[in-house]
Amino acid sequence: RSRGLGDVYKRQLITSATNAHIKNIISLKEKSKVRKSTGLFTVEGIKMFLEVPRDELKEIYVSESFEKENKDSLKGYSYNIVSDNIFKKISDTVTPQGVLAIVKQKKYTVEDIIEKRNKNGSCIVVLDRLQDPGNLGTIVRTGEGAGISGIIMSSDCADIYNPKVIRSTMGSIFRVPFAISHNLPEDIDKLKQRGITTYAAHLKGDLYHNGVFNRDVALLIGNEARGLSQEVSQKAERLIKIPMEGKVESLNAAIATAILMYEAKAVRDKIQ
């Protein structure tokens, strides 16, 4: 039978790759459909492990060597011990740090994102078909730094619980609200109805400049190669683009989003 938070192997050592717990971890790590069906995902590394809210932790696995060297960090936790060579099989990194946790997924709605707006102004990032896990994770992390209210992403974006996304967020995944939209144009209309001005990053847009944003904005960011779909870009109230020198036509999606998020923050800071 299944037990909670490592009470099965607290004093035992997992040494087999065919162990049910090990097979479950590998499935969660490799298969998006398993993450979606179970409502769980994995995080790795001591920093990420310590960032996980206690009530969202489901199971903890540590390598033999990690346990010997980090007993203080593990105080108050129940955990499973895994042999070092088996831990390498469940790790998603070349050099495993020796600690992995199974965590409960968060559930937000588009309404939740809208309601979390700050009364002094807000920035919501809307992602349309973004595919690169590194870009998505970087946007989440940078978004926390820029003080965004949350992220709304189309259902065909990269899986936000992909281990590469989680690792790129450096813990921000636990603090930045995000919602999956199954009808992005309709949800953009909801933003506009609530007085949020929608700006689309677009090659045919006007060059953005200081003061172009107002205090409540939504930034529409498209696919790395194809940009925004026509249906989504037509919903935007303004098309904007970042000034470019030389022969560069556009920037990496995460970098472009970061520039725009911080420009929106600068406007909010002035208003306050």
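Everything that follows concerns the structure shown earlier in this document.
It should be emphasised that the depicted structure is a prediction, and the values quoted were computed from it without experimental measurement.

About the thresholds
Residues numbered from 1 in each chain as written. Predicted model: local features only at pLDDT ≥ 70, side-chain atom pairs only at ≥ 80, totals over all residues. Heavy atoms only, no water. Patch = residues over 30% accessible without salt bridge, like charges linked within 9 Å, V, L, I, M, F, W, Y side chains within 5 Å. Areas by Shrake-Rupley, 256 points an atom, 1.4 Å probe, with all protein chains shown as cover. Salt bridge = Lys/Arg side-chain N within 4 Å of Asp/Glu carboxyl O. Helix = DSSP H or I, 4+ residues; strand = E, 2+ residues; numbered from the N terminus. Buried < 20%, exposed > 50% of the residue type's maximum accessible area, 1.4 Å probe, protein only. Pairing = 2+ DSSP bridges. Axes fitted to C-alpha atoms, helices over the stretch in contact; angles between N-to-C directions. Parallel < 35°, antiparallel > 145°, perpendicular 65-115°, else oblique. Left-handed = near helix turned anticlockwise from the far one by under 90°. Contact = heavy atoms within 4.5 Å. Nonpolar A, V, L, I, M, F, W, Y, C, P; charged D, E, K, R; others polar. Polar contact = N/O pair within 3.5 Å; in protein donor to acceptor, adjacent residues only side chain to side chain.

Glancing now at a nonpolar patch on the surface. Side chains of Val-248, Leu-251 and Ile-255 sit close together on the surface and give an oily, nonpolar patch of about 240 Å² of accessible area. Looking at where Ile-255 falls in the secondary structure, it is placed in helix 11 (residues 253-271). For Ile-255, a relative accessible area of 47% translates into the label partly exposed.

Burial analysis of strand 10 (residues 216-221) places six of its six residues in the buried class, which makes it a mostly covered element. Side chains Asp-216, Ala-218 and Leu-220 of strand 10 all project onto a buried face; the interleaved residues Val-217, Leu-219 and Ile-221 project onto the opposite face, where all are buried too. One ladder, built from six bridges, connects strand 6 (residues 122-127) with strand 10; its direction is parallel. Residue Ser-122 lies in a different strand from strand 10, and its bridge partner there is Asp-216. Two elements, strand 9 (residues 197-207) and strand 10, share four bridges in a ladder whose sense is parallel. The partner of Thr-198 across the bridge, within strand 10, is Ala-218.

Viewed as axis vectors pointing N to C, helix 7 (residues 133-145) and helix 11 meet at an angle of 15 degrees, and their least axial separation amounts to 9 Å. Taken together, the axis directions place helix 7 and helix 11 in an arrangement best described as roughly parallel. Where helix 7 crosses over helix 11, the two elements pack in a sense that is right-handed. Two secondary-structure elements touch here, helix 7 through Asn-135, Thr-138, Ile-139, Thr-142, Gly-143 and Gly-145 and helix 11 through Ala-253, Ala-254, Thr-257, Ala-258, Met-261, Tyr-262 and Lys-265. Per-class residue counts for the contact of helix 7 with helix 11 are six nonpolar, six polar and one charged.

So, on to the side chain of Thr-197. Structurally, Thr-197 can be placed in strand 9. What makes Thr-197 buried here is its relative accessible area of 14%. Reaching out from Thr-197, the side chain makes a polar contact with the side chain of Asn-214 at a distance of 2.5 Å. Setting aside anything within four residues of it in sequence, one finds Thr-197 in contact with Asn-214, Asp-216, Val-217, Ala-218 and Glu-237.

So, about the sheet that holds strand 1 (residues 13-14). If you trace the five strands from one edge of the open sheet to the other, you get 1-4-3-5-2, paired in mixed fashion. Edge strands, defined here as strands with exactly one partner in the open sheet, are strand 1 and strand 2 (40-44). Sheet analysis places strand 1 next to strand 4 (residues 80-82), joined by two bridges and oriented parallel. For Leu-13, the partnering residue across the bridge sits in strand 4 and is Ile-81.

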